[in-house]
Amino acid sequence: MSTTISVNGRDYRKPQRPTVVICMDGCEPAYLQAAVAAGVAPHIAALLAGQGSYFRAEGVMPSFTNPNNLSIVTGTPPAVHGICGNFLYDQATGQEVLMNDPKWLRAPSLLAAFSQAGTKVAIVTSKDKLRRLLGHGVKNGICFSAEHADKANLAEHGIENALEFFGMPLANVYSAELSEFVFAAGVKLVEAKRAELLYLSTTDYVQHKHAPGTPEANSFYAMLDRYLAALDKLGCIVALTADHGMNAKHDPLTGQPQVIYLQDLADELLGRTLEAGGARVILPITDPYVVHHGALGSFATIYVSDAKDRERLSRGIAATPGVMEVLGRSEAAERFELAADRIGDLVVVSEQSWTLGTSEHRHDLSGLTVPLRSHGGTTELGVPLLINKVCKAPHLRLRNFDAFFMALNQVDVAPTASITAKTVTHA
Ligand SMILES: [Zn+2]
């Protein structure tokens, strides 16, 4: 039997031990450092001190959740897997649609490939929006979301009576507990020998609200630390990375969000609206869960077919304070490894403390109970890659989508014949 599996042009070794890749949503590296400095993350501190390996890695653009999660599970950039945002303007139908459907996927995930080769695969995601994309092609595996754990059934999710099995109550979709559920489930699945290759994907609810080093953030990372230690104790190889970082996107004096309303700006620059044949601004951060960020991020794309209009917009937007860059379609596709047919004619990236909106009246910011923190730009590309074993990087420019490669190929440990069942309690 072959011991390696080739997926999307890369060879991966079959897991020698239970192998867990964690996508810690919105994990700006400063969160880990602050939690360690505060003394609330002793396991991570030990890993950083030499028991494990820490690398500074880079995510993919746009630095949003879906493109990066799909990059991590396929080991490829969006140009290959095709998921260029949470949200897309489908030129074929003229509809603005969510990219939650596997029909948008252009590459198989390595989770699917491993499961088809007989490895026991489990995927636990916090929000249900990612479940179908992440679980596409997975055979005889487990794939469910913490959000809808109460609805998990054998036929569709590979698990039933999940709340009872994991001993956790159903968590609110806007809560830290939603992510804790993911970790508790991961530990339990390893203990019960239900999984050899796991992918755990959390939500960035806490990071959108709380800066690194705040009591709320530190308590969240203390929780992470306990579960990392528990997985380590069970003999797992664990690689933690993130989909994107997170930055303050508000005026430091007033706390008000700093927003460039691109649709309003485009209408003004062209002297006509979308309905009158003007430009269409798409924010690929948009998803069904916008309360904590008001659909404001640092990346936008614009559909504008006329070359002169394009030129006018490009110049006008680039000259607007807070805008970092305006790129044409092919330039953006090349620079950011995006599928050119899944982005607009222009791509706009804002500076670190700014965000991009559509029209002011279309954003409901009433849910922003604390000053806005968000992501989407090149300033949120820096992510951690933390492994609980000493290992070497295969190349210089590490990406978050090297996480499975690192965990499966770069760690040399003796295979575990059996893992003694231990009971891990969650605080
Ligand atoms: Zn995210």
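Note that this is a predicted model, so its numbers are computed, not measured.

Rules used throughout
Residues numbered from 1 in each chain as written. Predicted model: local features only at pLDDT ≥ 70, side-chain atom pairs only at ≥ 80, totals over all residues. Domains from an automatic or database assignment. Contact = placed C-beta atoms within 7 Å. Helix = DSSP H or I, 4+ residues; strand = E, 2+ residues; numbered from the N terminus. Nonpolar A, V, L, I, M, F, W, Y, C, P; charged D, E, K, R; others polar. Pairing = 2+ DSSP bridges. Axes fitted to C-alpha atoms, helices over the stretch in contact; angles between N-to-C directions. Core = buried A, V, L, I, M, F, W, Y, C linked by C-beta atoms within 7 Å. Buried ≥ 20, exposed ≤ 12 C-beta atoms within 10 Å, placed from the backbone. Parallel < 35°, antiparallel > 145°, perpendicular 65-115°, else oblique. Expected span 1.5 Å × (residues − 1).

### Remarks on the domain arrangement of the chain
Right, on to step 1. Here the domain parsing of the chain yields domain 1 (4-246 + 377-409) and domain 2 (259-374).
Right, on to step 2. In this assembly, 30 residues from domain 1 lie in contact with 31 residues from domain 2.
Right, on to step 3. Within the residue set of the side of domain 1 that touches domain 2, elements represented by two or more residues are α4 (78-81), β5 (87-90), β6 (95-98) and α10 (205-209).
Right, on to step 4. Counting residues per element, the side of domain 1 that touches domain 2 draws most heavily on α10, which supplies 4 residues.
Right, on to step 5. Looking at side-chain class alone, the side of domain 1 that touches domain 2 contains 17 nonpolar, 8 polar and 5 charged residues.

### A short note on the sheet that holds strand β16 (residues 346-350)
Right, on to step 1. Reading across from one edge, β13-β14-β16-β15 is the order of the 4 strands in this open sheet, with antiparallel pairing throughout. Because the sheet does not close on itself, it has two edges, and the strands there are β13 (280-282) and β15 (323-328). Neighbour to neighbour, the strand axes of the sheet diverge by 20° on average, direction disregarded.
Right, on to step 2. As paired strands, β15 and β16 are joined by 5 bridges and run antiparallel to one another. What sits directly across from Val-323, in β16, is Ser-350.
Right, on to step 3. In the packing of helix α13 (residues 307-318) onto the sheet, the strands contacted are β14 (299-303), β15 and β16, and the crossing angle to β15 comes to about 160°.

### Quick notes on the nonpolar core
Right, on to step 1. Within the largest apolar cluster, 133 residues are counted, with the highest numbers of intra-cluster contacts made by Leu-111, Ile-123, Leu-231, Leu-262, Ile-302, Val-348 and Ala-407.
Right, on to step 2. Counting residues per element, this core draws most heavily on helix α9 (residues 176-191), which supplies 10 residues.
Right, on to step 3. Split by domain, the residues of this core number at least three in each of domain 1 (4-246 + 377-409) and domain 2 (259-374).
Right, on to step 4. With residues up to four places along the chain from it excluded, the contact list for Leu-262 reads Val-281, Ala-300, Ile-302, Ile-317, Val-348, Leu-356, Gly-357 and Thr-358.

### Digging into the sheet that holds strand β19 (residues 382-387)
Right, on to step 1. A sheet is described by the order of its strands in space; here 7 strands give the open sequence β4-β19-β10-β3-β9-β7-β8, paired in mixed fashion. Of all strands in the sheet, those with a lone pairing partner are β4 (53-58) and β8 (142-145), marking the two edges. Each neighbouring strand pair of the sheet contributes to a mean axis angle of 15°, computed without reference to strand direction.
Right, on to step 2. Note that β4 and β19 share 6 bridges and pair antiparallel. By the bridge assignment for β19, Phe-55 is matched with Leu-385.

### Structural notes on the pairing of strand β3 (residues 19-23)
Right, on to step 1. Of all 5 residues that make up β3, 5 are buried, and the element is covered over most of its length.
Right, on to step 2. In this structure, β3 lies alongside strand β9 (residues 197-201), joined through 5 bridges in parallel fashion. Paired with Thr-19 across the bridge in β9 is Leu-197.

### Focus: unusual backbone geometry
Right, on to step 1. Residue Pro-62 follows Met-61 across a cis peptide bond; omega there is -10°.
Right, on to step 2. Note on placement: Pro-62 falls in the loop between β4 and α3 (65-74).
Right, on to step 3. Of note in the backbone geometry, Asn-140 takes a positive phi value of approximately 55° without being a glycine.
Right, on to step 4. Positioned with a positive phi, Asn-161 is a non-glycine residue whose angle comes to about 50°.

### So, the packing of helix α1 (residues 29-37) against helix α2 (residues 42-51)
Right, on to step 1. With their axes 9 Å apart at the nearest point, α1 and α2 run at an angle of 105° to one another. One finds that α1 runs roughly perpendicular with respect to α2. Along its contact with α1, which presents Leu-32, Ala-35 and Val-36, the element α2 presents Ile-44, Ala-45 and Leu-48.
Right, on to step 2. Of the residues assigned to the contact of α1 with α2, the class counts are 6 nonpolar, no polar and no charged.

### Here's the deal with α9
Right, on to step 1. The first and last C-alpha atoms of α9 sit 23 Å apart over 16 residues, in line with the 22 Å expected at 1.5 Å per residue.
Right, on to step 2. Among the 16 residues in α9, 14 count as buried, and that is most of the element.
Right, on to step 3. Of the residues flanking the end of α9, it is Lys-193, one or two places downstream, whose phi is positive at about 55°.

### Section: the environment of Leu-70
Right, on to step 1. Structurally, Leu-70 is set in helix α3.
Right, on to step 2. Of the residues examined, Leu-70 has 30 C-beta atoms within 10 Å and is grouped as buried.
Right, on to step 3. Distance in space between the C-alpha atoms of Leu-70 and Ser-109 is 7.8 Å, their sequence separation being 39 residues.
Right, on to step 4. Ignoring sequence-local partners within four residues, the contact set of Leu-70 consists of His-81, Ile-83 and Leu-133.

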